[in-house]
Amino acid sequence: MDIKNLLNESQYEAVVNTEGPVLVLAGAGSGKTRVVTYKIAYLVKEIGINPFNILAITFTNKAANEMKERAEELLERSINGMWIGTFHSICVRILRKHYSSNFTIYDTQDSVNLIKRIIKDRNLDSDQFKPKSIKNRISDFKNKGMGVKEFQEFAGSDFYLKIVGEIFFDYEAAMKEANALDFDDLLLKTVKIFEANPSVCEEYSSKFDYIFVDEYQDVNDIQYKFIKAISHVHNNLTVVGDENQSIYAFRGANLENILNFERDFKGAKVIYLNQNYRSTKSILDAANHLILNNPQKYKRELLATKADDEKVKCYNLMTGDDEAYKVLEIIESLKDSGEKYSDIAILYRTNNQSRAFEDVFVRNSIPYEIIGGIRFYDRKEVKDVLAYLKLLNNPFDSVSFERIVNTPRRGVGPKTLGDLNEYRLVTGKDYFETLSDIGTKSAKQFGEDFIKIREVMNDVSLSELVEIVLEKSEYLKELKVSKNPEDESRVQNVYEFVSYVKEYENKNPESELSEMLNEISLLSDIDQSKEEDKVVLMTVHSSKGLEFRNVFVVGLEEGLFPSRMSMEDEKDVEEERRLFYVALTRARDRLFLTSADSRMIYGQTIYSKNSRFLEEIKDFVEIEDETVKSKVKTEGKPIPRPTNFTGKIGLGAKKEKSGSFNIGDKVIHKMWGEGTVVTLVGDDITIAFPSKGLKKLKASIAPLTKK
């Protein structure tokens, strides 16, 4: 491999320094993935290391897949023997061997549901003891490597925390009884196994001659312990990160881990990647100057390799609505100049900021996609089917059982459920056997059917198994006969899930049910996004790792960005500044910043001053103050406004009110074509589109005309 001519000097240095601990400080857009993949290829091709002895850890499945594909392209061979994946997926592999072969992974909602049940069993007030809040407290402790005992010591004599500690105890007992682990357990249990069984730790630390960790600035305490343990034998550890992009403190990320790398890993070499291949000089000048306002251990600046094209532009508007229409005006101008919608991203600090932009885009027929909305696997019907499969995989899974035992209805109320659980605990039988023994008539049939399915589940394909489950459970049948129009789209989602299973088994012909369930459990929002020609709206946190030709960063006011909650602690403000730095460095060619003097928040008009971050970069942006203008214009024509929304909508569709429609009417929608009105409630109209399923719209806003 002639890597010297394929990499810049710093990248080359990072690749060929293979022995001992190496910290690669990789600025935004500096080619960190390129360094990691070239170093893996270099180890295999030039040094002769077996891929089986290399471990690479990432934070997302998408990053792991990209890393693997790029390394295989360089090597022109498969590296299937190499361990490459997220912290969670790597730990699952270890736990399947050293903890249990068939445990269930509880996602966040499963855990919350279990905590809800415990709160109910204890007759506690769910308004005082909020399940999600308690789940977050438990998660925080586990991410620090601590469990129930440590939490109860921390609680001391505090009444509320003592009760939370008791809920934590019950939660852990129920998880153990169900042979289930939550996401936090995957790492915690692995580290505990390493600590309790040094020979197991030695097995994996000896196995992996070389270890890579991506996004090291986001590592939390338990992840750090895992890395420290698994790398101790050979000590050939390469971590890649950027302290200026550490933005996940709220998830437990500890910035000190990257700052103290040289202290924690003796003899570590630090290599700087400062050449940026993404953004223009104007964008980098603003980003570099911004981050200098934070304390700097590794002081450096990103160097542009692209010529300047346009200055960073900043617009100060009168209201939040004005801001949305200004963004629309610029997007339409970009589109007219040949830009794709998919090359445009709008980044905001909090999810609720999307509403104003969504309203404007709907009115003006701008296609858009929100990253971080309701995911496919979070939809009720998909979670129901997954619960059936989880229970089939692990018939002691109490959360999955309680989710579906009466879906569809099988005459299992709270009392019957209590009797079933008591019988199961006394006899030690699984849930299907319990139903077969003492269930109601329909529940008994359900139990007997699934006992038979478990007997043949290893003899049929995954897609056949899913179809059998849907048939025997009668879940799909109930949706099909339902009179609820929403259930039509639920049927389509179930069929879409079956399609997923078929695609999965085509790619993984030897895979078992537990492996497929693991993959689904570990999917993330960003992993599921599809590239289409739509404007992308997302929080800055969701944008991490992405890039776009044109980026808008909106809502740049004190109390919004930086957030109000951060403003009392300078450390929190520093994290907000790093978050803004991440936002700026998502842009390749054009960067637009916007703020508003006032906006509607929680039903009230709030007046704010511009973000301090704008003040910090004011010498590097072109500022346009539009607060003196009465309305935003595009090429001399007023854009339709919410306060004067009559006449034409979007691209000229005639506006109709709900009273103008009747159930059964054929209508034309500007984006989705012909559909049929199925329900009318006030201004809400539900339409069945052949290609899109059911859509619930506002009749007074949606671009609809009668056929």
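Figured I'd write up the structure that's included with this text. (Residues numbered from 1 in each chain as written. Predicted model: local features only at pLDDT ≥ 70, side-chain atom pairs only at ≥ 80, totals over all residues. Heavy atoms only, no water.)

## As for the pattern of salt bridges
Opposite charge on two side chains allows them to pair when their charged atoms are near.
Phase 1: On inspection of all chains with the given rule, the structure shows 47 salt bridges.
Phase 2: Two residues, D110 and K390, come together in a salt bridge whose shortest N-O distance is 2.9 Å. Here K390 lies in helix α17 (residues 380–393) and D110 lies in helix α5 (residues 108–121), a separation of 280 residues in the sequence.
Phase 3: For D110, a relative accessible area of 5% gives the class buried.
Phase 4: Between R577 and E616 there is a salt bridge, with the nearest N and O atoms lying 2.8 Å from each other. Taken together, the residues span a long stretch of sequence, with R577 in helix α28 (residues 570–584) and E616 in helix α29 (residues 612–616) at a distance of 39 residues. Across the pair, exposure class does not vary: R577 and E616 are buried alike.
Phase 5: The network of salt bridges with common partners includes K306, E310, K313, E339, R549, D589 and R590. (Salt bridge = Lys/Arg side-chain N within 4 Å of Asp/Glu carboxyl O. Helix = DSSP H or I, 4+ residues; strand = E, 2+ residues; numbered from the N terminus. Buried < 20%, exposed > 50% of the residue type's maximum accessible area, 1.4 Å probe, protein only.)

## Considering the packing of aromatic side chains
Phase 1: In total, this model carries 31 aromatic pairs according to the counting rule given.
Phase 2: Between W83 and Y204, the ring centres sit 5.9 Å apart and the planes meet at 55°, which makes this aromatic pair tilted. Of this pair, W83 sits in strand β3 (residues 83–86) while Y204 sits in helix α10 (residues 198–207), and the two are 121 residues apart along the sequence. Judged on exposure class, the residue W83 and its partner Y204 are both buried. (Phe/Tyr/Trp six-rings, centres within 6.5 Å; stacked < 30°, edge-to-face > 60°.)

## Overview of the pairing of β3
Phase 1: Across 4 bridges, strand β2 (residues 54–58) lies against β3 in parallel orientation. Paired with T58 across the strands is T86, a residue of β3.
Phase 2: Traced from β2 through helix α3 (residues 61–75) to β3, the parallel crossover comes out right-handed. (Pairing = 2+ DSSP bridges. Right-handed = clockwise from strand over helix to strand, strands pointing away.)

## Here's the deal with the side chain of D264
Phase 1: By the secondary structure assignment, D264 is in helix α13 (residues 261–264).
Phase 2: D264 gets classed as buried once you look at its relative accessible area, which sits at 15%.
Phase 3: What D264 contacts, discounting residues up to four positions off in sequence, is Y224 and K228. (Contact = heavy atoms within 4.5 Å.)

## Regarding the environment of L584
Phase 1: Its place among the elements puts L584 in helix α28.
Phase 2: Along the sequence, L584 and A286 sit 298 residues apart, while their C-alpha atoms lie 8.0 Å from each other.
Phase 3: Apart from residues lying up to four places away in sequence, L584 is in contact with I283, A286, A287, L290, L591 and L593.

## Details of α3
Phase 1: A rise of 1.5 Å per residue sets the reference length of α3, with its 15 residues, at 21 Å; its end C-alpha atoms lie 21 Å apart and thus fit the reference within 8%.
Phase 2: Considered for burial, the residues of α3 that qualify are N61, A63, A64, M67, A71, E72 and L75. Buried residues of α3, seen end-on, are gathered within an arc of 165° and therefore sit on one face of the element.
Phase 3: Directly beyond the C-terminal end of α3, a positive phi value near 55° is found at E76. (Expected span 1.5 Å × (residues − 1). Arc of directions from axis to C-beta.)

## Observations concerning the nonpolar core
Phase 1: Of all hydrophobic cores here, the largest spans 43 residues; its most connected members are F194, V213, Y216 and F226.
Phase 2: Here Y216 is in contact with Y224, I227, V239, V240, G241, N257, I258, F261 and F265, once residues within four sequence places are set aside.
Phase 3: Core analysis: the second largest hydrophobic core is formed by 42 residues, L420, L462, V494 and L517 among them. (Core = buried A, V, L, I, M, F, W, Y, C linked by side-chain atoms within 4.5 Å.)

## Some details on the sheet that holds β3
Phase 1: Strand order in the open sheet made by the 6 strands is β3-β2-β6-β7-β1-β8, with parallel pairing throughout. In the strand order of this sheet, the two ends are held by β3 and β8 (269–273), each with one partner. Strand-to-strand twist in this sheet, taken as the mean axis angle between neighbours without regard to direction, amounts to 15°.
Phase 2: The sheet contact formed by strand β6 (residues 210–213) and strand β7 (residues 237–241) spans 3 bridges and is parallel. Across the sheet, residue I211 finds its bridge partner in β7, namely L237. (Axes fitted to C-alpha atoms, helices over the stretch in contact; angles between N-to-C directions.)

## Considering the packing of α17 against helix α22 (residues 462–473)
Phase 1: Following both chains from N to C, one finds α17 and α22 inclined at 105°, their axes separated by 11 Å at the closest point. Here α17 lies roughly perpendicular to α22, going by the angle between them. Contacts from V385, Y388, L389 and L392 of α17 reach α22 at L465, V466, V469, L470 and S473. (Parallel < 35°, antiparallel > 145°, perpendicular 65-115°, else oblique.)

## A closer look at empty space enclosed by the protein
Phase 1: For the coordinates displayed, the defined rule picks out 3 cavities of 30 Å³ or more.
Phase 2: Counted as a void, the largest cavity has a volume near 60 Å³.
Phase 3: Forming the walls of the largest cavity are R96, F103, T104, I105, K390, N393, S514, L517, N518 and S521.
Phase 4: Of all the secondary structure elements, the ones that give two or more residues to the lining of the largest cavity are β4 (104–106), α17 and α25 (513–521).
Phase 5: With 4 residues, the top contributor of residues to the lining of the largest cavity is α25.
Phase 6: Of the residues in the lining of the largest cavity, the class split is 3 nonpolar, 5 polar and 2 charged. (1 Å grid on protein atoms, 1.4 Å probe; cavity = no way out; pocket = protein on both sides within 12 Å on 5 of 7 lines; lining within 4 Å. Points joined across faces, edges and corners; volume = space filled by probe spheres on them. Nonpolar A, V, L, I, M, F, W, Y, C, P; charged D, E, K, R; others polar.)

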